[in-house]
Amino acid sequence: MNSRNVRGSQADLGHSPQHDSDDRIARALATVGGHLAIGRGGFMLWYGWGCRLSGYDVEPMKAACIAAGLPVIDSREVPFEEVCRLAVGGPMIAVGEAPGEPPFGALSYAPLAVVAAAYREAGAEVHNLEPASEPSG
């Protein structure tokens, strides 16, 4: 008996890569801080605390996430030095957990909107997340 008969394949079980992606996008939508991050090395879909899916076929995943209403941060057009500054010196996004308290810096966890605003300011495309409004005063 070969291992395929014992374990089955994803196709045998009624799963497909697209079905799995759709499920993970739905989980990301239901998770505080869930989002799709796109960079020069591909994409990372954050869909729960410690849960992420990475891949290289960026455009179909980006389109699916935007259509579903999931926040998307695409930093591919941001200068490399700026992406490094944000990734190393800036806060991480709190996904599926409460963010820390400000001020936010390296190795701290911030709300998605805070990190997205920094990337937007650097020139990244940010979808499905409105810019923070200016404080009234």
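Everything quoted here is computed from the prediction, not taken from an experiment.

Undergrad: I'm lost on the overall build of the protein in this one. Help?
TA: Of the regular secondary structure elements, the protein holds five helices and seven strands. Listed by position from the N terminus, the elements making up the protein come as α-α-β-β-β-α-β-α-β-β-α-β. The buried share among the 137 residues of the protein stands at 31%. Summarising the internal contacts of the protein: among those between residues at least 6 apart in sequence, 50% fall at separations of at least 24.

Undergrad: Hey, could you run me through the pairing of strand S2 (residues 42-48) in this one?
TA: Note on strand geometry: in a regular strand, side chains alternate between the two faces of the sheet. Burial of S2 is extensive: five of the seven residues sit out of reach of the surface. The pairing of strand S1 (residues 35-39) with S2 spans five bridges and is antiparallel. Looking at the pairing, Leu36 lines up with Leu45 of S2. Counting the residues in the hairpin turn of S1 and S2 gives two residues. Examined bridge by bridge, S2 and strand S3 (residues 51-55) share five bridges and lie antiparallel to one another. Looking at the pairing, Leu45 lines up with Leu53 of S3. The antiparallel hairpin formed by S2 and S3 contains two residues in its connecting segment, where Gly50 sits at a positive phi of about 75°.

Undergrad: I keep staring at the pattern of salt bridges and nothing clicks. Help me out?
TA: Side chains carrying opposite charge are able to pair once their charged atoms draw close together. A full pass over the atoms with the stated rule returns five salt bridges. Glu59 is the salt-bridge partner of Arg76, the closest N and O atoms lying 2.9 Å from each other. Of this pair, Arg76 sits in the loop between strand S4 (72-74) and helix H4 (80-89) while Glu59 sits in helix H3 (residues 58-68), and the two are 17 residues apart along the sequence. Arg85 is paired through a salt bridge with Glu82; the nearest N and O atoms lie 2.5 Å apart. One end of the pair, Arg85, and the other, Glu82, are both in helix H4, three residues apart, so they sit about a helical turn from each other.

Undergrad: Looking at this model, I keep getting lost on the sheet that holds strand S7 (residues 125-127). Mind explaining?
TA: Within a sheet, adjacent strands bond to each other through the backbone by hydrogen bonds, running parallel or antiparallel. One open sheet holds the five strands; their spatial order is S3-S2-S1-S4-S7, and the pairing between them is mixed. Each edge of the sheet is formed by a strand with only one pairing partner; in this case those strands are S3 and S7. Ignoring which end each strand starts from, the neighbouring axes of this sheet average 15° apart. The strands touched by H3 are S1, S2, S3, S4 and S7; relative to S1, the strand with the most contacts, the crossing angle is about 150°. Along the sheet, helix H5 (residues 112-122) makes contact with S1, S4 and S7, crossing S4 at roughly 30°.

Undergrad: Help me out: how do you make sense of the confidence of the model for the protein in this one?
TA: If pLDDT is low for a region, its predicted coordinates should not be looked at in detail. Residues with a pLDDT of 70 or more make up 82% of the protein, whose mean pLDDT is 87. Confidence drops under pLDDT 50 across residues 1-15; counting only partners more than four residues distant or on other chains, this segment forms eight contacts.

Undergrad: Any chance you could explain the side chain of His35 here in plain terms?
TA: Positionally, His35 belongs in strand S1. In this structure His35 comes out as buried when scored by relative accessible area, which is 3%.

Each value, and the rule that gives it
- Residues numbered from 1 in each chain as written.
- Predicted model: local features only at pLDDT ≥ 70, side-chain atom pairs only at ≥ 80, totals over all residues.
- Heavy atoms only, no water.
- Helix = DSSP H or I, 4+ residues; strand = E, 2+ residues; numbered from the N terminus.
- Buried < 20%, exposed > 50% of the residue type's maximum accessible area, 1.4 Å probe, protein only.
- Contact = heavy atoms within 4.5 Å.
- Pairing = 2+ DSSP bridges.
- Salt bridge = Lys/Arg side-chain N within 4 Å of Asp/Glu carboxyl O.
- Axes fitted to C-alpha atoms, helices over the stretch in contact; angles between N-to-C directions.
- pLDDT = per-residue confidence, 0-100.

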